[in-house]
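Given next are the chains, with one letter for each unit.
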Amino acid sequence: MGRRSRKRSGRRASIDHNSAQAPRMSSERRAHRKARTGKRALIVLLSAIVFFLFAAIAAGALFYSSLHNRITATEIPQVLLENPAPPPTEPFNLLILGQDSREHGETGYFDTIILAHIDPIEQRVWMVSLLRHTRVEFPNYTIGRLNESYVHGGLNTLIQVVEELTDQKVDYFVAIDFWGFEDIIDAMGGIYVDVPIAINDPRADFTPDKRASQLDPGLQRLDGAHALTLVRHRTGYDNYGGEFGRMNTQQLFLKALLEQLGDIPLAHLPQVANSLADNVSTNFTPLELAQLGREMRRLNSDDLYAATLPGEWAFPFVWIDEEGAEEIWQNFGVRPFTFRSSESEE
């Protein structure tokens, strides 16, 4: 399944344009975009891995040591310590977590939860997006939503719940704070994004004068504040896939970030890497990240397989489609996904 960029006709739009009505998206197009959601996240992750390596080399040994102290989590979840992970040169499972800390404070809700299987030997990757409102059982036998797992016992409980839900072992995790993207984008000098819908959302804008509340649809260069508004915006996706539309917009942004990382001047690399290091936590060491980046350098987008764990929304949970989930996990790390996840949305 190849990776394709969607371009809009016409000139690049300014971030100061008045808002316009968002076009309707067909169900076929929405399903196609949804199928690519998980793939884009991992492409960005792998590019960031290689990027850390380049930045460390550019800045020297002292900077590399600083990255180690800031990226690698100070406390590794007990469940991971009890089950040692294979080296990143062998197949392993990776839990990718995305969080907006400024919205949720210290509670640790993760809006993006993706379980990936990475095979450096075969140069293939499988990804399964787990909807945040999925109904789960916590270790204390209470029932709740998947994204509430962290509140019930930190990363250790979240990983336990994911392992129970998927019947898959988690070897590594990477947690990314969306709030850090503002500094990253500014360090890059801005980023071109094809904004899918008109946005007017002061709640998603944390500038003192609310200058970044509005975004027009269309291809435009965003600074860090406007990029943060884009990834934090929640409403307005009724004609764009609902919750899936919001997830797709975040992935659209991440894809644009990936495509433009290579345009960063060498002199800016340490500043961007610093911003990334301040907003990424993982049980990888920088040496393991560098090793993984080297092992996966030949990865082709056709060898990235993505799916969303199927389920049905019935307030207040997404109830897993057990038959569809079983087919996904049977293919996970074995063969390309053939099951198409349901169109159910939160």
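1. Comments concerning the overall build of the chain
Link 1 in the chain: Looking only at helices and strands, the chain features twelve helices and 14 strands.
Link 2 in the chain: Here the chain, with 346 residues, has 54% of them falling under the buried criterion.
Link 3 in the chain: The contacts in the chain between residues at least 6 apart in sequence include a share of 74% that link residues at least 24 apart.
Link 4 in the chain: Of the roughly 15,500 Å² of accessible surface on the chain, a fraction of 49% belongs to carbon and sulfur atoms.

2. Details of the sheet that holds strand 12 (residues 304–308)
Link 1 in the chain: Pairing is mixed across the open sheet formed by six strands, whose spatial order is 11-6-1-2-3-12. This sheet does not close on itself; its edge strands, each paired only once, are strand 11 (280–282) and strand 12. Averaged over all pairs of adjacent strands, the angle between strand axes in this sheet comes to 20°, irrespective of strand direction.
Link 2 in the chain: Examined bridge by bridge, strand 3 (residues 124–129) and strand 12 share five bridges and lie parallel to one another. The residue bridging Val128 from the neighbouring strand is Ala307, located in strand 12.
Link 3 in the chain: The sheet contacts of helix 12 (residues 322–331) involve strand 2 (110–119), strand 3 and strand 12, and relative to strand 3 the element is tilted by about 160°.

3. Points about the packing of aromatic side chains
Link 1 in the chain: Evaluated as defined, the whole model comprises eight aromatic pairs.
Link 2 in the chain: Measuring from ring centre to ring centre gives 6.2 Å for Trp313 and Phe315, while their planes differ by 85°; the resulting arrangement is edge-to-face.
Link 3 in the chain: Classification of Phe315 by relative accessible area gives exposed; the value is 69%.
Link 4 in the chain: A connected cluster of aromatic rings, assembled from ring pairs, spans Phe92, Tyr172 and Phe284.

4. Structural notes on a negative patch on the surface
Link 1 in the chain: A grouping of Glu312, Asp321, Glu322, Glu323, Glu326 and Glu327 is seen on the molecular surface, where their side chains present a negatively charged patch.
Link 2 in the chain: The element best represented in the negative patch is helix 12, accounting for four residues.

5. Describing helix 12
Since the α-helix turns once every 3.6 residues, residues separated by three or four places project in the same direction.
Link 1 in the chain: Of the positions making up helix 12, those classed as buried are Gly324, Ala325, Ile328, Trp329 and Asn331. Seen along its axis, helix 12 keeps its buried residues to an arc of 160°; they face one direction. Facing away from the buried side of helix 12, by more than 90 degrees, are the exposed residues Glu322 and Glu323.
Link 2 in the chain: Elements that come into contact with the buried residues of helix 12 comprise strand 2, strand 3, helix 6 (154–166), strand 12 and strand 14 (317–320).
Link 3 in the chain: Put simply, Asp321 is the residue that caps the front of helix 12, since its side-chain oxygen is 3.2 Å from the backbone nitrogen of Glu323.

6. Things to note about the confidence of the model for the chain
Low pLDDT marks stretches whose predicted atomic positions should not be read closely.
Link 1 in the chain: Confidence in the prediction of the chain, expressed as mean pLDDT, is 75, and 70% of residues score 70 or more.
Link 2 in the chain: The model gives residues 1–43 a pLDDT under 50, and that stretch makes 111 contacts with residues more than four places away or in other chains.
Link 3 in the chain: Note that pLDDT drops below 50 for residues 53–60; the model gives that stretch nine contacts with residues more than four away or on any other chain.

7. Quick notes on the nonpolar core
Link 1 in the chain: Counting residues in hydrophobic clusters, the biggest one holds 31 residues, and the most contacted among them are Leu95, Leu97, Val128, Leu130, Leu146, Trp329 and Phe337.
Link 2 in the chain: At the level of elements, helix 4 (78–82), strand 1 (92–99), strand 2, strand 3, helix 6, strand 6 (172–177), strand 12 and helix 12 are the ones that each hand at least two residues to this core.
Link 3 in the chain: For this core, the element with the most residues is helix 6, which contributes five residues.
Link 4 in the chain: Residues within four places of Leu97 in sequence aside, it is in contact with Phe110, Thr112, Ile113, Leu155, Leu158, Val174, Ala175 and Ile176.
Link 5 in the chain: Of all hydrophobic cores here, the second largest spans 25 residues; its members include Ile184, Tyr240, Val272 and Leu276.

8. Section: unusual backbone geometry
Link 1 in the chain: Cis geometry is adopted by the peptide bond preceding Pro316, which originates at Phe315 and carries an omega value of 10°.
Link 2 in the chain: Structurally, Pro316 is set in the loop between strand 13 (311–314) and strand 14.
Link 3 in the chain: Here Tyr141, not a glycine, exhibits a phi torsion of approximately 75°, which is positive.
Link 4 in the chain: Within the element layout of this structure, Tyr141 appears in the loop between strand 4 (135–137) and strand 5 (143–145).
Link 5 in the chain: Although it is not a glycine, Lys210 sits at a positive phi angle of roughly 60°.
Link 6 in the chain: Residue position: Lys210 is located in the loop between strand 8 (199–200) and strand 9 (214–215).
Link 7 in the chain: We classify Lys210 as partly exposed; its relative accessible area is 40%.

9. Some thoughts on the pattern of salt bridges
Link 1 in the chain: As enumerated under the stated definition, the model contains three salt bridges in all.
Link 2 in the chain: Note that Arg203 is salt-bridged to Asp201, the shortest N-O span being 3.8 Å.
Link 3 in the chain: Arg203 sits in the exposed class, given a relative accessible area of 64%.

10. With respect to helix 8 (residues 224–232)
Link 1 in the chain: The buried count for helix 8 comes to nine of nine residues, which makes it a mostly enclosed element.
Link 2 in the chain: Along helix 8, the residues classified as buried are Gly224, Ala225, His226, Ala227, Leu228, Thr229, Leu230, Val231 and Arg232.

11. Some thoughts on the pairing of strand 1
Link 1 in the chain: Of all eight residues making up strand 1, eight are buried, and the element is well covered by its neighbours.
Link 2 in the chain: Covered by surrounding structure in strand 1 are Phe92, Leu94, Ile96 and Gly98 together with Asn93, Leu95, Leu97 and Gln99, the residues of both alternating faces.
Link 3 in the chain: Bridge analysis of strand 1 against strand 2 gives eight bridges, and the strand direction is antiparallel. Residue pairing in the sheet places Asn93 in a bridge with His117 of strand 2.

Criteria and thresholds
- Residues numbered from 1 in each chain as written.
- Predicted model: local features only at pLDDT ≥ 70, side-chain atom pairs only at ≥ 80, totals over all residues.
- Heavy atoms only, no water.
- Helix = DSSP H or I, 4+ residues; strand = E, 2+ residues; numbered from the N terminus.
- Buried < 20%, exposed > 50% of the residue type's maximum accessible area, 1.4 Å probe, protein only.
- Contact = heavy atoms within 4.5 Å.
- Areas by Shrake-Rupley, 256 points an atom, 1.4 Å probe, with all protein chains shown as cover.
- Pairing = 2+ DSSP bridges.
- Axes fitted to C-alpha atoms, helices over the stretch in contact; angles between N-to-C directions.
- Phe/Tyr/Trp six-rings, centres within 6.5 Å; stacked < 30°, edge-to-face > 60°.
- Patch = residues over 30% accessible without salt bridge, like charges linked within 9 Å, V, L, I, M, F, W, Y side chains within 5 Å.
- Salt bridge = Lys/Arg side-chain N within 4 Å of Asp/Glu carboxyl O.
- Lys, Arg positive; Asp, Glu negative; His and termini not counted.
- Charge placed at Lys NZ, Arg CZ, Asp CG, Glu CD.
- Arc of directions from axis to C-beta.
- Polar contact = N/O pair within 3.5 Å; in protein donor to acceptor, adjacent residues only side chain to side chain.
- pLDDT = per-residue confidence, 0-100.
- Core = buried A, V, L, I, M, F, W, Y, C linked by side-chain atoms within 4.5 Å.

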